[in-house]
Each structure stands twice: as C-alpha cells, then as structure tokens.
Amino acid sequence: RDLTAARSEIDAARRIAPTNPDALVALGRWYTIQGKYTAAAAAYDQARRNAPPAERGAYALAQARYHLDTSLRLCDTGLPVALEAVTLRPDDGAAWSTLSATRLACGDPAGAREAAERALLIHPDDPEAAYHQGRALAILGEHSAARLALVRAADLAPASEWRARAEAQIVALGLR
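Notes on the structure in this doc start here. (Residues numbered from 1 in each chain as written. Predicted model: local features only at pLDDT ≥ 70, side-chain atom pairs only at ≥ 80, totals over all residues. Heavy atoms only, no water.)

Some details on the packing of helix 3 (residues 37–50) against helix 4 (residues 56–70)
So, step 1. Running from N to C, helix 3 and helix 4 cross one another at 165°; their axes reach a closest spacing of 8 Å. Judged by the inter-axis angle, helix 3 sits roughly antiparallel to helix 4. The two elements helix 3 and helix 4 meet at a crossing, and its hand is left-handed. Two secondary-structure elements touch here, helix 3 through Y37, A40, A41, Y44, D45, A47, R48 and R49 and helix 4 through R56, Y59, A60, A62, Q63, Y66, H67 and T70.
So, step 2. When grouped by side-chain class, the residues that make up the contact of helix 3 with helix 4 number 9 nonpolar, 3 polar and 4 charged. (Axes fitted to C-alpha atoms, helices over the stretch in contact; angles between N-to-C directions. Helix = DSSP H or I, 4+ residues; strand = E, 2+ residues; numbered from the N terminus. Parallel < 35°, antiparallel > 145°, perpendicular 65-115°, else oblique. Left-handed = near helix turned anticlockwise from the far one by under 90°. Contact = heavy atoms within 4.5 Å. Nonpolar A, V, L, I, M, F, W, Y, C, P; charged D, E, K, R; others polar.)

Regarding unusual backbone geometry
So, step 1. Backbone geometry at S71 places phi at a positive 65°, although glycine is not the residue there.
So, step 2. Note that S71 resides in the loop between helix 4 and helix 5 (74–88).
So, step 3. Notably, R73 is not glycine yet its phi reads approximately 50°, a positive angle.
So, step 4. Relative to the helices and strands, R73 is located in the loop between helix 4 and helix 5.

Focus on helix 10 (residues 161–172)
So, step 1. With 12 residues, helix 10 extends 16 Å between its outermost C-alpha atoms, agreeing within 8% with the 16 Å of an ideal straight helix rising 1.5 Å per residue.
So, step 2. Residues of helix 10 that are buried sit in contact with helix 8 (127–139) and helix 9 (143–156).
So, step 3. For helix 10, the side-chain oxygen to backbone nitrogen distance between the N-cap and W162 is 3.1 Å, and the N-cap itself is S160.
So, step 4. Positive backbone phi, approximately 65°, marks G174, located one or two places after helix 10. (Expected span 1.5 Å × (residues − 1). Polar contact = N/O pair within 3.5 Å; in protein donor to acceptor, adjacent residues only side chain to side chain.)

Some words on the pattern of salt bridges
So, step 1. Scanning the model with the defined rule gives 12 salt bridges in all.
So, step 2. Notably, a salt bridge pairs D45 with R48, separated by 2.5 Å at the nearest N-O pair. Placement of both D45 and R48 in helix 3 is noted, with a separation of 3 residues, approximately one turn of the helix.
So, step 3. Given a relative accessible area of 12%, R48 falls into the buried group. (Salt bridge = Lys/Arg side-chain N within 4 Å of Asp/Glu carboxyl O. Buried < 20%, exposed > 50% of the residue type's maximum accessible area, 1.4 Å probe, protein only.)

Concerning the nonpolar core
Considering soluble globular proteins, one finds that nonpolar side chains tend to be buried as a cluster.
So, step 1. Residues W96, L99, Y131, L150 and A166 are the most contacted members of the largest nonpolar core, which totals 28 residues.
So, step 2. At the level of elements, helix 4, helix 5, helix 6 (93–105), helix 7 (109–122), helix 8, helix 9 and helix 10 are the ones that each hand at least two residues to this core.
So, step 3. In contact with L150, not counting residues within four places along its chain, are Y131, G134, R135, A166, Q169, I170, L173 and L175.
So, step 4. In this structure, I10, V25, Y31 and Y66 belong to the second largest nonpolar core, which totals 14 residues. (Core = buried A, V, L, I, M, F, W, Y, C linked by side-chain atoms within 4.5 Å.)

As for the packing of aromatic side chains
So, step 1. Counted under the stated rule, the structure contains 3 aromatic pairs.
So, step 2. A ring pair is formed by Y44 and Y66, whose centres lie 4.8 Å apart and whose planes are at 20°; its orientation type is stacked. Of this pair, Y44 sits in helix 3 while Y66 is found in helix 4, placing the two residues 22 residues apart along the sequence.
So, step 3. Classification of Y44 as buried rests on a relative accessible area of 8%. (Phe/Tyr/Trp six-rings, centres within 6.5 Å; stacked < 30°, edge-to-face > 60°.)

Written as structure tokens, this is what we have:
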C-alpha cells in the first residue's frame, strides 16, 4: 500500500539485476497502479523479452493479461502475445482462456470459441473459459449452446463475478 516504498524496492531489485523479468513485472504493476499504462506495457514487454526461454510463456501470459485487463493495444499487441503464450504453454488453460477473451474483444468469435474449448479441455471447471465460450457461441448465433455454456459458467462459480457476468449475458442476449 506504500507506493513510494514499493518503488524503492523495485528500483533496488533492478540495480542488482536490471534485466530480471520479475522486477520488470513488478515495475509494470507499479506503473499500472499509477495510471502510467504505456510505461507499464513497456515493462511487461521487456519482462517477456528478458525471460529465459523456458519461462517466456509465463511472462507472455502476464503481458497478455495486462493488455486484456487494460484494453491498451489489445488487438495489435495483446493478441500476438496471447498467441505466443498458448504456443509456449499449450497445456495451460489460463493461457487459452486469455486468448479466448482477447479474440472476442478483437472480433474473432470463431477463434474465441476454439480457444475457450481448448481451455475447457484442460480445465473443465474453469468458469472464465465457459463464460467466453458462451459469449462466442452467442455471437456465432448458436444460442442454445451459448445458454448452456453461460449456465455452466454460472454454476461453476456460484459466488463469483463469472456467475454475475454469465447471468447478465443470458438476460442481455434474451437466452432465458
């Protein structure tokens, strides 16, 4: 909660290891809290590029989530990074769910459905992936399947934002 102290610790870590990807992610988070989104995006990008090859997928996922959460350069930067994350982490349901949400936001509902289905193969109980699948199916005109996916999202996490979002989508889309 002490942003000045947090920045001092981040700066100290970067003096010791200036290219350390964890320190760069921390710096990206700090910039985000400050509302300095362009600087945050640059820190996340540098963290991904500096990461050892075996760890790059985790940093690509963190960068993709950053772009998804902020909507900053989502389609031109976030989408390629989300694709990199699933390429480097093909068995990571969170990476596929992030790709699904990103593809939805970038106007690719068929790709979003495919990514959500892959996420659900890995983690069948992921309410976020079920929610994205439902939204994608609705956009594609598959209303019965969309309703089932959204109900599934709500049922998988009864006391969560995903239930609220799923129920709101069901109502908004007239899928009751």
